[in-house]
Structure formats: C-alpha cells, structure tokens
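Chain residues, written in single-letter form:
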Amino acid sequence: MANYMDLIASQKNTKGGIIEAFHAIQKEYNYIPREALTAAAKAFGMSEAKAYGVATFYSYLSVEKRGKYIIRMCESAPCHVAGADEVIKAIEKYLGIKTGETTADGKYTLELTECIGQCQATPVITVNSEPIFNVSPEKIPEILSAYK
Amino acid sequence: MINLKINGKEIQVPKGTMLLEACRQAGAELPTLCYDEDLRLAGSCRMCLVEAKGRPTLVAACVMPAENNMDILTESEDVVEARKVILELLTARHKFDCHVCEKDGNCKLQDYCYKYGVKESSFAGEGPHFYKEDPNPFIERDYDKCIMCTRCVRACEEITGADAINLEDRGHHAKISTAFNGILADSTCVFCGQCVMVCPVGALTSKVSAGKGKAAQNEKVLTTCTYCGTGCTLELNVNEGKVVGVTSNRDRKYSPVNKGALCVKGRFGWDFIHSPERLTTPLIRENGELRPASWEEALSYAADKLKGVKEKYGPDALAMFTSARVTNEENYLAQKFMRAAIGTNNVDHCARL
Amino acid sequence: MEEKRVLLEYADQINPESAADYIKVGGYKGLEKARAMQKKDLIDEVKKSGLRGRGGAGFNAGMKWSFVPQDAPVKYVVCNLDEGEPGTYKDRIICEKNAQALLEGMAICGAAIGSDQGYIYCRGEYPFVVELLKNAVKSAKDAGALGDFDIEVRMGAGAYVCGEETALIESIEGHRGEPRFKPPFPGVAGLWAAPTVVNNVETFACLPYILVNGAEWFAGIGAAKYPGTKVLTLTGDINNPTYFEVPTDYKLRDVIYKLGGGIKNGKKFKAVQVGGTSGAFIPEENLDTQIDFDSMGAIGAALGSGAVLVLDETRDIVDTVARITKFFEHESCGKCNPCREGTFRMCEMLHKVNEGKASEKDLENILRLAKVMRKASLCGLGQAAPIPVESTIKHFKYEYMRKLV
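Basis of the calculations
- Residues numbered from 1 in each chain as written.
- Chains lettered and ligands numbered in written order.
- Predicted model: local features only at pLDDT ≥ 70, side-chain atom pairs only at ≥ 80, totals over all residues.
- Pairing = 2+ DSSP bridges.
- Helix = DSSP H or I, 4+ residues; strand = E, 2+ residues; numbered from the N terminus.
- Axes fitted to C-alpha atoms, helices over the stretch in contact; angles between N-to-C directions.
- Contact = placed C-beta atoms within 7 Å.
- Core = buried A, V, L, I, M, F, W, Y, C linked by C-beta atoms within 7 Å.
- Buried ≥ 20, exposed ≤ 12 C-beta atoms within 10 Å, placed from the backbone.
- Expected span 1.5 Å × (residues − 1).
- Domains from an automatic or database assignment.

Caption draft 1: Just the pairing of strand 12 (residues 242-247) of chain B, in detail. All names here are of chain B. As paired strands, strand 11 (residues 233-239) and strand 12 are joined by 5 bridges and run antiparallel to one another. Within strand 12, the position partnered with V238 by the bridge is V243. Hairpin connection between strand 11 and strand 12: a loop of 2 residues separates the two successive antiparallel strands, and E240 in this loop has a positive phi of roughly 50°.

Caption draft 2: Looking closely at the sheet that holds strand 1 (residues 69-74) of chain A. All names here are of chain A. Spatially, 4 strands are ordered 2-1-3-4 in an open sheet, and the strand pairing comes out mixed. Looking at which strands have only one partner, the edges of the open sheet turn out to be strand 2 (108-113) and strand 4 (130-132). When strand polarity is set aside, the average angle formed by the axes of neighbouring strands in this sheet is 25°. Contacts between helix 6 (residues 84-95) and the sheet are confined to strand 1, strand 2 and strand 3 (125-127), with strand 1 contributing the most and set at about 155° to the helix.

Caption draft 3: Quick peek at the nonpolar core. Core analysis: the biggest nonpolar cluster contains 268 residues, and A40(A), A61(B) and L102(C) have the highest contact counts within it. For this core, the element with the most residues is helix 5 (residues 90-113) of chain C, which contributes 14 residues.

Caption draft 4: Spatial organisation of the interface of chain A and chain B. Across the contact, 10 residues belong to chain A and 13 residues belong to chain B. Top contributing element to the side of chain A that touches chain B by residue count: helix 4 (residues 48-57) of chain A, with 7 residues.

Caption draft 5: Geometry of helix 6 (residues 127-142) of chain C. All names here are of chain C. Helix length check: helix 6 (16 residues) gives 23 Å between terminal C-alpha atoms against 22 Å at 1.5 Å per residue, within 8%. Within the span of helix 6, buried status applies to V129, V130, L133, A136, V137, S139 and A140. On its buried side, helix 6 packs onto helix 1 (19-24), helix 5, strand 2 (117-122) and strand 3 (150-155). Downstream of helix 6 by one or two residues, G144 has phi in the positive range, about 75°.

Caption draft 6: Quick look at helix 2 (residues 18-29) of chain A. Between the first and last C-alpha of helix 2 of chain A there are 16 Å, a value that for 12 residues agrees with the 16 Å anticipated at 1.5 Å per step. What helix 2 of chain A keeps buried is the set I18(A), I19(A), E20(A), A21(A), F22(A), H23(A), A24(A), I25(A) and Q26(A). Each element contacted by the buried residues of helix 2 of chain A is listed here: helix 1 (4-10), helix 3 (34-43) and helix 4 of chain A together with strand 3 and helix 7 (165-172) of chain C. Positive phi shows up at N30(A), right after helix 2 of chain A, with a value of about 70°.

Caption draft 7: Structural detail: the sheet that holds strand 1 (residues 2-6) of chain B. Residue and element names in this part refer to chain B. The mixed open sheet is built from 5 strands, whose spatial order is 2-1-5-3-4. Of all the strands in the sheet, just strand 2 (9-13) and strand 4 (59-60) have a single pairing partner and so form its edges. Pairing analysis gives 2 bridges linking strand 1 to strand 5 (residues 71-73), with the strands arranged parallel. Paired with K5 across the strands is D71, a residue of strand 5. Its contacts with the sheet place helix 2 (residues 77-93) against strand 3 (49-52) and strand 5, and it is angled at close to 155° to strand 3.

Caption draft 8: Representation of the domain arrangement of chain B in the model. Split by domain assignment, chain B resolves into domain 1 (2-75), domain 2 (213-278) and domain 3 (283-352). Computed over C-alpha atoms only, the centres of domain 1 of chain B and domain 3 of chain B are separated by 59 Å.

This is the structure:
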C-alpha cells in the first residue's frame, strides 16, 4: 500500500488539488484516514477544519473506514422507476447490512448514490465505480459473489 | 454615481455600493442574519432579499451592487412572503426555549419572527438534532439553535485566524464543526469567543455567564480590559450591582483598538471580580503581620518610606516595575512619577520582557 | 424524421482518444481557422452562429465570451463535464465518441478570449472518462494539434451542485462545492479570481463544426433562436432507451414515438420529464412542442440537459416526484436557507403525501414553499428544485388529491 505522504506529494503541484489528493488516498485506502487528511491539509495550506469540510462535502469521499468493495445503488428517478428499491432490498438481504453500513468482514460497503449517468441500462449499481447494468433482485447474488 | 429608485424614492450612491447600504441610505433597514460588516460576504441567509422590478428572482441586497435604473421594493408582497417562509424554515430547525435562553431579548431570529408575525412554522417535521456536547469551560455549543449563518466560521478565520471550525457534511446535514467533529479543546480554538460575539442567536453563548442575567436585564458598562496593554474596549454586563459577563461593543467609535474582538482572558476571565479573596482595602505589614489601613494612611506610609530611601541612598536606589494590567495612562503617570518626582530612570514594565 | 448527427457523425468509427483519427476525418481544421482570425472576429462568428449553452441556461456562447476583459493577464477556459442531472449522459457519450472535438472546441475558445489554459471538470462518477480525456489530451499535445493550449482534467467527487459553474470553480480550487453569489460573474472573476469562461461539453464540441462550416450553416440547423443539434438521452418506459442527436426543431412527440419507438409494453403515455430531474413534467397535450430552449420555456418546461424521462400510464407521479425531492435534499449544498431547509422540508412533505398522511393544507404549504424556493434561493439548484413538484401539481393534481387524507 502506497504511503499517504507519497500520494499527497504526487499531487503537490496540482494547484488547489486537495480533492485530487483525496482521490489518490482513497484509491489506496478506500477512505481518507485522519492522519492523511491532516497531512493533506498541511500540504495544501489549508486548516484541518476546512479540509475536513471539503472531505465531508462530497458523496464519494469518506472519512470513515469502508469495505474493500464499495457498492453503490443508483436511486435517481430513472433507476427508481426501473425498480431500484427492490434491488436495494435484495442487496441488503444478501449482505446482511443496511444501506450506509459495512459488512463485519470489512469486505462490502453499501451506499446509495444519485445518477451515475448510465441510464441506458437501468437500474444500475457500481462496484468500486465500475457500472453494472440492468441489475435485478434475482441477479444480485451472482453479481456480488464475483467480488471476493 | 449610480442612480436608482428604492421604494419609490430616487437616490444616488457611489458605484460599487451594495443594495443593502443603498436601502439604508434611502431609509429602509433590511433584516440580515449572515451579514456582518467585518466579515466577507456570504449572501446565504436570504433575509435581505428585495424585489428588483423586471428580474425573475428576488435579489440578496447584501451582495448585489446597486445598478443604474434599478427599481427596488424592500417590503413587497413577494419579499415579505419570502422572509416569512425563510423564518418558518429556520424556526422548524431551531430549538425554541426562549424563556431560558441566554440570548432572549437579544436574538435576531426572535426579533424578525416578531416583526414578521411568525408564530409557528408550517414546516415543522423532524426537529433539530445538532447539539454538541463540549466540556470546555467557556463556550456552549447548542447547534440545535444554529441557523447556519456561518458568521462564527468566518469570524474564527478572519478576525482571530484560528481556523478551528468549518462546516461538516452538506445540505440539511451540514453543521458547524471542528475537524472530525471534535471538541474545541482538541482543535486550534483559542477560546477568544469571537464566535459567541457574532452569533445572532443563542447557538453560541458564554458558559461563564450562563444563568446570571439576560441581555435585557443587564446594564452595560463600557470599560478597558485590564489584562494587558493592548487596551481593548469591552462591556461589563452588570446585574444588580454584580458583573455577570463581558460582551463586545463593536462600534468603532467606542472600540477603536479591538473593534469588539477580545481574547479568552478579556471575554471569559472576569469571575475574579467578585472573588472573596480580593483585597478590598490597603494592608500595612507590621511585625510580619498585615493589618487593614485606610487609603490615606497607606499612601502617606508609602510616600514616607520612598522619601526615606531616596534621602538615605539617593534616587537610583529606587525602581518602578509597572504592569500591563493597568492602562497606558497609568503607566505613563508611573514613569513620570519616577523621573520627575523621584529623579531616576529606573523604570521597567512587564510587557517589555 | 431522422437524427442529424454533427457531433456524433463518426461515433464508433474513430478512436476518441486519437488525435490522428480525428484529424483524418477533418479534425482541428476549425482551430486552425480560428487562430488565423482576429479575436473579435472569432467571437462575432460564434455569436452569429447563434450557438447557445447546452448545459441548461441557454446563454449565447459568443456573448458570454465577449464579457471577458481582453487585457487580463491570466484567463481560463473551463469545461463543465459534471452532468449530474439524473437521466443525462450525453456529455459522456460525446467524450466517448468524439473527445477530440471537445478539446478542439476548448482551444477555439482559448483563441477567442486569449487563454492558454483549460480545465475539464469531470464528474467523479466517470473515472473512465477522466482516463479517456487524459489520453486524448496527451494524444493531441503529442500531435501538436493544440499548440500552446494546455488542458488539465480534474475529477469531481459526487456533488450535483458542482454542475453550477461557480460551485464547479470552487471545487477546482479545492473547496467545498458551494456556489458563489453573482456578480461577479466568472467571465470577470472566476477560477482563482481570473476571468473564466465556463461552457458545457456539448457547447464546446459544436465549435469546430461552426468554424469549419461557417456560422450561417449552424444558424440554419434546427430552431432559429436555438440553432444546431442537441444530443438527447431517453430513459424510463420507452422502447429505445438510448441517445440521439437531433436538430433543435425536433418535436417532443417524435422523440418519444419515432426515435424512442413509443411506450414500452404497448402501454399508454402519461408524462415526460425533459431536462433532467429539475425539469418540468409535461402532459400529453404539450407533446407537439419543439425541443428548443424557447419552445420548451413557453410551456413552462426546459430543455436543460436534454434528458427525456418517459412515464407510462401505470406510473405513480407522486411516488416519482417524492423520490425526486429526495434527490434535491441529498444534493443541496446547504449554503442558503431556502434551499438547505426547503429541499429537506419539501422532501418531508412529499413523502407525507406519498404515504397518504397529508392534508390539503400540506399541499398548500408545498406550493407556498415551492414559490419561495424558486424566487429566493441563491443558485439554480434551489430555484429549480420545486419545478417537478409544481409542474405535477399543475398537470396531475388528481394524483395528489387521491392520496390526501
């Protein structure tokens, strides 16, 4: 796992690039650990409180530990009318967690998301940002079992 | 110069003047919650909205520069309705316990609800849940009363430079928070209380003054802080002859040095005033014991002793060490006394260290 | 009536990352032409074409550029690729099919305003588009196609509000994506306080074709006051849920029944929401409207992002709108009172209606709040959030009434 200091340093020359640094950190850690946030704030000349404000503003950034696989269910109108509610229930049942939670083994985190722009094949979920199309409650076990 | 009409009245203002100021000049005082003349503009509370004829939306007067030929209405039906709805939205998230609130009688939300006749909210649903337990001895953080004007965040950053607080989350979940929503003691907070000073409601209040008197019951006495030589102006809040708190007078005329800003000592460190351990009369040491004396006796005694030392050992045997806790004028008098009356340059001051 | 493909003419025939492929089909000729022109003439040419912003506000692009002070030492060209309107993915399609046209369009804008630095702000939901664009920029730079003009690609992190141009600028600067009050407009003080032009992907991508074929050619396509083509994305109960590029005088009915192949499963039409989740719901009686900006405006709707969500006769309007209010509650940045509190209470009240617990008084409160949000919110998010609610109460009131206690 890359050291967060190196990840931050890789974005050092990106003007105003703290969000890019957060992306780089999350790619390795799946969330932004506190010490990494503090270091990033320092590197970009920002107070820790402000950097925390940035990290908590955006849906795709997290300051809390998350699973290896982040599953996001789109629930915007096109997916909603295509049956997103039923898919969410199926995922919750399969994983044994509620939306917003992480499985005890630290493998899966389930989040809701707004439109991910793949509306040609609703409903859509993403696993670590990779879209999976035309999902249905029946397909969930098969889809998720591929992520070990 | 810019020519515009406000409530039918033709007025002229310099280019760059915001509508808020232009309206003031035309005699129309607008309600504001997020506006603070010492802080960068936010334009977010939307209370100062006015109607600019011909525009599809209402405009926030605090951030809209006056333009030629604008035709502004400050209390039109749409404007009043917008303010009422905004107040109802704020009251829906605000914990109403005015009877026990420190800010009762000195609260902008209360004042505007009164002015616009907002008795209850049409939008009452889920109530507030933002209270922050913080064990520090100075600042109470009851965000169940917070109206998200962000004046505290801006004051912390721009007046004090502590950058201790910012916003956490977004939308309706957003709240004022330190990094990782911790307590102030773990943050870069210096407990200056500038956040308390600018808070327009009862979200941030002084724990030291809690329960000792509401604003309307207190007499405010303008004085100079005794802690250091900066000479900050502050207001002692006096209730039934007792000091119960310190607040800021932000008027430049009265507070030219600090413009209302104080430090932790000035704002919260006043409880010594009524300490039973304070000296209330001069004491003279006799045979190793201190005994009370009158001012007349004590001053004569000191003068005699000073004179005695000067006569016996010369003026340079005496020195004066003065304190930052007295005013500049008193410090001036002290050195003058040493130089002119005693005849020595042995003068020093604790703030020189 | 069929599609008219301008931006998507070579879709799937060229590698979108490859400048060489793009040049083979006539790419970068527009930029060459633009660079040979005087700045003023170039801006006039774009003005004359009648090109209006494809992001939602529909502002004349050349006019927007003309507000940029020519003498400022640093200026920026920013591309808005934060398409967050649910049901919209046309900017992704333009990038995936013809990314080089976007880069060329940005460079043309740079030539017009005198800027040598561009930024593309791509939504965090499209990390693969970020990669594609980075490769495309590299390919164009290596081929020397962009000259001195540099483009940096930045990725958002899940915030619909960053589609608002000043929030987008705040986000590039590394801040919370909260919109700024205007004025000052970005054209005067935008990114890092420098004059900045922010345009949508589709707007930029039109520019090479305008320069090559001439302003008159573009002005002659589609609706006179909103000329050109528009990429639409069809979703919901439709037989062909895909994207199309059509001239702007195309009729909504044809979008649904000709291109879209009609309503799925042989059902009947109930409503269509155009422009994404902030758009109005349109009933059957208004289907013969052209999709252009002004025609849609005349029926109280908006072309917006060009998303078209079709609902069949069995759909529950209140349930759909309740879900939409949740979207705005989730995406409000929280800066201004009417939006932060309004979207939350609107969502609360709509769910109350949907659950059959609301009274007529609640419906009155909903409309009262909607009007104030529209008039008093700081940015377009709060101003548009109540539109789906108001438009459905207007056109489908019976669906609300039957759920009241």
